[in-house]
Amino acid sequence: MKLNKHILILLSVMSVITLFVSCNKANYYKITEEEENSWGIYQLNQSFRFISTQGDLLTYSVGGRFKAYQRNGNTYNEYLYTTLYLQSDSDYSYPDGYRGVFIDKNADGLSVKVGLPHFYDNVRINDKAPTMQIINGHPYTDVYVVGANPFYLDSINYIDTIYYSKAYGFLQYVDMYGETYTRTQ
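Residues numbered from 1 in each chain as written. Predicted model: local features only at pLDDT ≥ 70, side-chain atom pairs only at ≥ 80, totals over all residues. Heavy atoms only, no water.

The next subject is the nonpolar core. Membership of the largest hydrophobic core comes to 29 residues, with the highest contact counts inside it found for Ile162, Tyr164 and Phe170. For this core, the secondary-structure elements that each account for two or more residues are strand S2 (47-52), strand S3 (57-72), strand S4 (75-86), strand S5 (99-106), strand S6 (109-114), strand S9 (138-147), strand S10 (159-165) and strand S11 (169-175). Leave out the neighbours within four places in its chain, and Tyr164 touches Trp39, Ile41, Tyr42, Val101, Val114, Ile125, Asp142, Val143, Tyr144, Gly169 and Phe170. (Core = buried A, V, L, I, M, F, W, Y, C linked by side-chain atoms within 4.5 Å. Buried < 20%, exposed > 50% of the residue type's maximum accessible area, 1.4 Å probe, protein only. Helix = DSSP H or I, 4+ residues; strand = E, 2+ residues; numbered from the N terminus. Contact = heavy atoms within 4.5 Å.)

Shown next as C-alpha cells:
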C-alpha cells in the first residue's frame with residue numbers, strides 16, 4: 001500500500017510538471033514561403049526608376065532586406081522588412097522610420113504595409129481589395145491604390161497617391177502637385 005502511495009505522488013508531480021511545460025510552449029508565427037514569394041518581391045541591392053510626366057528620372061534602391069522574429073514572451077512573430085531609399089535624396093532623415101515593404105506575421109495573421117520615401121507613412125494594404133488599373137498602357141489586375149492622409153502632406157511628405165501591385169511592386173505615384181511618376185523598369 002505504501003508503494004502505491006509513492007507511485008501516486010510521483011504521478012501527480014509528473015502531471016504538474018507536464019502541465020507546466022505545456023503551458024510555456026512557444027508560439028511561432030512564420031511567414032510561409034508562398035506569402036514571402038508573393039509579397040516580398042524586392043531583393044537587396046535592387047534598383048528601379050520612375051519617370052515623371054515632365055521627364056524627371058528618379059532612381060530608388062533597396063537599402064536593406066531584413067528577416068527575423070520579434071519575441072514577446074513565448075510568442076515569436078516573424079517579419080520581413082525591405083527598406084527603400086531615393087538615390088540622391090537631400091532629405092534622407094525620416095522621423096518615423098524607413099519606407100518600403102513591411103511584412104509581419106502574428107496571431108492576427110499577415111500584415112503587409114507599403115510606403116515610399118516622401119510618403120507620410122507605411123500603409124497596410126493586404127486588408128484592402130486590389131483594383132484593375134491601366135498604367136503606362138498596361139493593364140494590372142492586382143493594384144492597391146494608397147492615398148495619403150491630406151493632413152500629412154507637406155514639403156517633406158509630398159507623395160499623395162501610390163499605386164502598388166502585389167506581383168510587380170511600386171508601379172506609379174502622384175505627388176501633391178499632380179505630377180505623375182511611372183516606373184520605367
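As a further point, take the pairing of S11. Counting buried residues along S11, 7 of its 7 residues qualify, which places the element largely inside the surrounding structure. Bridge count for S10 against S11 is 6 bridges, and the pairing is antiparallel. Bridging from a neighbouring strand, Ile162 pairs with Tyr173 of S11. The hairpin formed by S10 and S11 contains 3 residues between the paired strands. Sheet topology places S11 next to strand S12 (residues 180-183); 3 bridges connect them, and they run antiparallel. (Pairing = 2+ DSSP bridges.)

Now for the pattern of salt bridges. For the coordinates displayed, the defined rule picks out 5 salt bridges. Measuring nitrogen to oxygen at the nearest pair gives 3.1 Å for the salt bridge that ties Arg65 to Glu36. Linking Arg65 in strand S3 with Glu36 in helix H2 (residues 33-39), this pair joins segments that are 29 residues apart in sequence. Looking at Glu36, the relative accessible area reads 16%, which means it is buried. Here Glu36 and Lys67 are joined by a salt bridge, their closest N and O atoms 2.5 Å apart. Highlighted residues: Glu36 in helix H2 and Lys67 in strand S3, separated in sequence by 31 residues. Using a relative accessible area of 39% as the deciding quantity, one classes Lys67 as partly exposed. Each of Lys30, Glu36, Arg65, Lys67 and Glu78 takes part in salt bridges that share partners, so that together they form one network. (Salt bridge = Lys/Arg side-chain N within 4 Å of Asp/Glu carboxyl O.)

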